[in-house]
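# A structural walkthrough
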Amino acid sequence: MTYRLLALNIDETLIGSNAKISKQTKAAIEYVRQKGVYITLVTSRPHSSAKRIAKSLKLDGYLITNDGAFVASDPEDPLYVKRISVNTTLQLVELLEQYDCHIRVLHESFAIGNKTRQKNQLIAKMTIGVGDPLFYPVSFVDSVYDRLMQEAIAPPKIQVQFFDEAEQQSALKQLNEMVSGINIVSIREGKLEIVAEGVSKLNGLQQVGQELGISLQEMVAVGIEADDVEMVEQVGLGVAMGNAADEVKHVADWITRSNKQNGVSYMIREVFRKQLRVQVE
């Protein structure tokens, strides 16, 4: 099988806690790019944040961002975008503000977050970080609901950080019972990712594949979190990072090293070493 597309997650895959990409990883990505393989980033981050990572890797193609809700090369002309409706956004935020949690309503170019009741405000801001505030500004308000009543937004995604497991489970139960038309993914450390129904990283990858004429079987996807499972399971070669969640490893065809051990670089060399340059039709 000749693989024509490589899809990479960003956090804990390309980069680690130091927010940097190693020289080995950059060299490996350039190596596979020179073989004619299309490289895309598939991430929970907003487009502007992913674009900065892509630029550092000399990638200028489509990026699958906001968990697949926003797919674009140029954010002004997206290939695919599916938003949570204004009314549903208000309903979600009103419900979530009953709980002790940090809420981020993520537009493609800015975010609105609530000031949490945590003693250490840095905890809330750091655990749900979305990149450089200079390029992706975040406004912190007392009530996200009140702000949205003044300025209606239909965001691609809403992100939530809970500080208590019981509160998270209670909120999840309420969301599932009372709010329709959404897809909720539970992430490590109390995080929830909320997107519109039908949105997924896999769907975003399919959108790019259809545009480029590349089938899922001709793709390699590298994942780490629960929201990567479907994508890793469905592509031609699904790869889990060595530091990936168990559910990702369970469905993966191959498990590479951890990001601290340059797992992306190792995988690229092993998988693409013998592959000839992709011929553009």
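Please refer to the structure higher up on the page.
Summary of the structure given here. (Residues numbered from 1 in each chain as written. Predicted model: local features only at pLDDT ≥ 70, side-chain atom pairs only at ≥ 80, totals over all residues. Heavy atoms only, no water.)

## Some remarks on the pattern of salt bridges
Between side chains of opposite charge, a pair can form when the charged atoms approach closely. Test applied: The working definition used for a salt bridge is a side-chain nitrogen of Lys or Arg within 4 Å of a carboxyl oxygen of Asp or Glu. What counts as a helix is a DSSP run of H or I of at least four residues, what counts as a strand is a run of E of at least two, and both are numbered from the N terminus. Burial classification: accessible surface area is computed with a 1.4 Å probe over protein chains only, and a residue below 20% of its type maximum counts as buried, one above 50% as exposed, and the rest as partly exposed.
Inspection of the entire model under this criterion finds 11 salt bridges. Here Lys157 and Asp67 are joined by a salt bridge, their closest N and O atoms 3.1 Å apart. Of this pair, Lys157 sits in strand S9 (residues 157–162) while Asp67 sits in the loop between strand S3 (63–65) and strand S4 (70–72), and the two are 90 residues apart along the sequence. When sorted by exposure, Lys157 lands in the same class as Asp67, which is buried. Where Arg83 meets Glu108, a salt bridge forms, and the shortest distance between an N and an O atom there is 2.8 Å. Of this pair, Arg83 sits in the loop between strand S5 (80–81) and helix H3 (86–96) while Glu108 sits in the loop between strand S6 (101–106) and strand S7 (111–114), and the two are 25 residues apart along the sequence. On the accessibility criterion, Arg83 (32% relative accessible area) is partly exposed. A relative accessible area of 14% places Glu108 in the buried class. Three or more residues joined by partner-sharing salt bridges are found here, namely Asp67, Lys157 and Glu193.

## Details of the side chain of Asn259
Our working definition: The contact criterion used is simple: two residues touch if any of their non-hydrogen atoms lie within 4.5 Å.
Residue position: Asn259 is located in the loop between strand S14 (254–255) and helix H10 (263–272). The class for Asn259 is buried, based on a relative accessible area of 15%. In this structure Asn259 touches Glu12, Thr13, Ile15, Gly16, Met241 and Asn243, once residues within four positions along its chain are discounted.

## Things to note about the packing of helix H1 (residues 23–34) against H10
So the rule is basically this: Axis definition: a line fit to C-alpha positions, over the contact stretch in the case of helices; interaxial angles, taken between N-to-C directions, run 0 to 180 degrees. If an angle is under 35 degrees, it is roughly parallel; if it is over 145, roughly antiparallel; if it lies from 65 to 115, roughly perpendicular; otherwise it is oblique. Left-handed describes a crossing whose near helix is turned anticlockwise from the far helix through less than a right angle; right-handed describes the clockwise counterpart. All amino acids are sorted into three groups, where Ala, Val, Leu, Ile, Met, Phe, Trp, Tyr, Cys and Pro are nonpolar, Asp, Glu, Lys and Arg are charged, and the leftover types, Gly among them, are polar.
In the contact formed by H1 and H10, the axes pass within 8 Å of each other and the chain directions differ by 30°. Classed by the angle they form, the pair H1 and H10 counts as roughly parallel. Crossing angle aside, the handedness with which H1 passes H10 is left-handed. Contacts from Gln24, Thr25, Ala27, Ala28, Ile29, Tyr31 and Val32 of H1 reach H10 at Val264, Ser265, Ile268, Arg269 and Phe272. Residues of the contact of H1 with H10, tallied by class, amount to eight nonpolar, three polar and one charged.

## Structural notes on the sheet that holds strand S2 (residues 38–41)
Applied cut-off: If DSSP finds at least two bridges between two strands, the strands pair.
Taken in spatial order, the five strands make up an open sheet running S2-S1-S12-S13-S14, and their pairing is parallel. What marks the edges here is a single partner per strand, and that holds for S2 and S14. As defined by bridge partners, strand S13 (residues 237–240) adjoins S14 across two bridges and the pair is classed as parallel. In the strand pairing of S14, Ala240 is matched with Ile255. In this fold helix H7 (residues 201–212) packs onto strand S1 (5–8), S2 and strand S12 (219–223), with an angle of close to 155° to the strand it touches most, S1.

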